[in-house]
Amino acid sequence: MKRILIVGNWKMNLNTQEASLLVKRLNDRIPLHRDIEVVLAPSLLTLQPISNEIDRRKFRLAAQNAFYKDEGAYTGEVSFTMLRELVHYVIIGHSERRIYFNETLETIRDKVQAAIRNDIDPILCVGETKHERDAGETRRVIHDQLNTALSNLTAEEVERVVIAYEPVWAISTFGNGQPAKPDEIHSAISWIRQLLKDTYGKQLSEDVRVIYGASVDAEFVGAILGLAGVDGLLPGAASLNYQKFTDIVEAAYRSRHRQPETKPK
Ligand code: PGA
């Protein structure tokens, strides 16, 4: 059975001191769960100090972005090569990067390839905007984002990619704080697995980890992780609050270890 993957995306929040405090609280509160993998994605600035502060048995690190060239005259950028000793994962193609920083399908494809080249597992975000959803284009958008992003990888490399379905309209800062409905999540994630199956076959389509992100909070965890094909969660806002993030991990643990209901006699 796959481990449940929980990735806290801190986005552009927390200075070094604030990040250290959060890590200390998480270290204290989150126990080691063998079947849950907890990943923290702080800002680039705080990755280095945090790498010395986390309990490495409990936490792994992710960067939120990196540039696809390994080195050179690219003022202001940080490469996957520079991150390879520091992080296990890099989030690639988050909708905020697509929308605010004009990342294209091709840029994202090159970043996914650069991550693999540098032995870092990509967490590839896909998902439709409200406009695209209203126009009935969800499947097409996911198809284009997924197929382009993976197009330069071998099947073996695709197995290392984590795919995060993040409907843009449900992300807390864009939407109303409600996640997508379970049937919408299920339908999108089934579509992602179908696309993987069409290109890479059944086995790979089942082995690849597919997670959900957008307004994740502890109260929704059981319902989302209970859906077939959902391997984890990517909370943003809730991951900045130690209590909320701890509750999410706890709820994930409970969802995996749920006692079968005893029928009344
Ligand atoms: P949210 O963010 O949980 O605050 O909606 C998720 C994300 O954007 O990754």
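Residues numbered from 1 in each chain as written. Predicted model: local features only at pLDDT ≥ 70, side-chain atom pairs only at ≥ 80, totals over all residues. Heavy atoms only, no water.

> Help me understand the overall build of the protein in this model?
A tally of regular secondary structure across the protein gives 12 helices and 8 strands. Relative to its length of 265 residues, the protein is compact, with a C-alpha radius of gyration of 18 Å against a globular reference of 18 Å. Overall, the protein is about 70 × 45 × 35 Å in size when its C-alpha atoms are taken along their principal axes. When burial is assessed residue by residue, the protein has 51% of its 265 residues classed as buried. Taking as baseline every contact in the protein between residues at least 6 positions apart, the subset at least 24 positions apart corresponds to 72%. Of the charged side chains in the protein, 34 are positive and 36 negative, and the gap between their average positions amounts to 5 Å. (Helix = DSSP H or I, 4+ residues; strand = E, 2+ residues; numbered from the N terminus. Rg over C-alpha atoms; globule rule 2.2 N^0.38 Å. Buried < 20%, exposed > 50% of the residue type's maximum accessible area, 1.4 Å probe, protein only. Contact = heavy atoms within 4.5 Å. Lys, Arg positive; Asp, Glu negative; His and termini not counted. Charge placed at Lys NZ, Arg CZ, Asp CG, Glu CD.)

> For this particular structure, what's the right way to read the pairing of strand E5 (residues 121-126)?
Each regular strand carries side chains that alternate between the two faces of the sheet. Counting buried positions along E5 gives 6 out of 6 residues, so the element sits mostly inside the fold. Alignment of E5 against strand E6 (residues 162-165), held across 4 bridges, turns out to be parallel. Within the sheet, the bridge partner assigned to Val 126 lies in E6 and is Tyr 165. (Pairing = 2+ DSSP bridges.)

> Can you help me understand the packing of helix H1 (residues 16-29) against helix H12 (residues 242-256) in this one?
Pairs of packed helices are described in terms of their axes, by the angle between the two and the distance that separates them. It is at 10 Å that the axes of H1 and H12 come closest, and there the two elements cross at 35°. Where H1 crosses over H12, the handedness of that crossing is right-handed. Across the interface between the two elements, Leu 22, Arg 25, Leu 26 and Arg 29 from H1 touch Tyr 242, Gln 243, Phe 245 and Thr 246 from H12. A breakdown of the residues in the contact of H1 with H12 according to their chemical character gives 4 nonpolar, 2 polar and 2 charged. (Axes fitted to C-alpha atoms, helices over the stretch in contact; angles between N-to-C directions. Left-handed = near helix turned anticlockwise from the far one by under 90°. Nonpolar A, V, L, I, M, F, W, Y, C, P; charged D, E, K, R; others polar.)

> Where do I start with the packing of aromatic side chains in this structure?
The description of an aromatic ring pair uses the distance of the two centres, along with the angle that the planes make with each other. Within the structure shown, the criterion is met by 4 aromatic pairs. For the pair Phe 67 and Tyr 68, a centre-to-centre distance of 4.5 Å together with 35° between the ring planes defines the contact as tilted. According to the relative accessible area criterion, Phe 67 is buried, its value standing at 16%. With a centroid separation of 5.1 Å and 50° between ring planes, the pair formed by Phe 67 and Tyr 74 is classed as tilted. Cation over ring: Arg 97 sits above Phe 101, and NZ or CZ is 4.4 Å from the ring centre. (Phe/Tyr/Trp six-rings, centres within 6.5 Å; stacked < 30°, edge-to-face > 60°. Lys NZ or Arg CZ within 6 Å of the ring centre and 35° of its normal.)

> Just to check I follow, could you spell out the pairing of strand E1 (residues 4-9) for this structure?
Counting buried residues along E1, 6 of its 6 residues qualify, which places the element largely inside the surrounding structure. Neither face of E1 is left uncovered, since the one carrying Ile 4, Ile 6 and Gly 8 and the one carrying Leu 5, Val 7 and Asn 9 both have all their residues buried. Relative to strand E2 (residues 36-41), E1 runs parallel, the two being bridged by 6 bridges. Among the inter-strand pairings, Ile 6 is bridged to a residue of E2, identified as Val 38. Taken together, E1, H1 and E2 constitute a β-α-β crossover, and its handedness is right-handed. (Right-handed = clockwise from strand over helix to strand, strands pointing away.)

> Any chance you could explain the side chain of Thr 246 here in plain terms?
Relative to the helices and strands, Thr 246 is located in helix H12. Non-local contacts of Thr 246, meaning those with residues more than four positions away in its chain, are made with Leu 26, Arg 29 and Ile 30.

> Any chance you could explain the pattern of salt bridges here in plain terms?
When the charged atoms of two side chains lie near each other, side chains of opposite charge can form a pair. Scanning all chains against the criterion turns up 19 salt bridges. Among the ionic pairs, Glu 103 bridges to Lys 111, the shortest N-O distance being 2.7 Å. For the residue pair Glu 103 and Lys 111, the accessibility class agrees, reading buried in each case. The salt bridge partner of Arg 160 is Asp 121, with a shortest N-O separation of 2.6 Å. Here Asp 121 lies in strand E5 and Arg 160 lies in the loop between helix H8 (155-158) and E6, a separation of 39 residues in the sequence. Each member of the salt-bridge network shares a partner with another, and the members are Arg 3, Glu 37, Arg 60 and Arg 209. (Salt bridge = Lys/Arg side-chain N within 4 Å of Asp/Glu carboxyl O.)

Remember that the coordinates give geometry; whether it matters functionally is a separate question.
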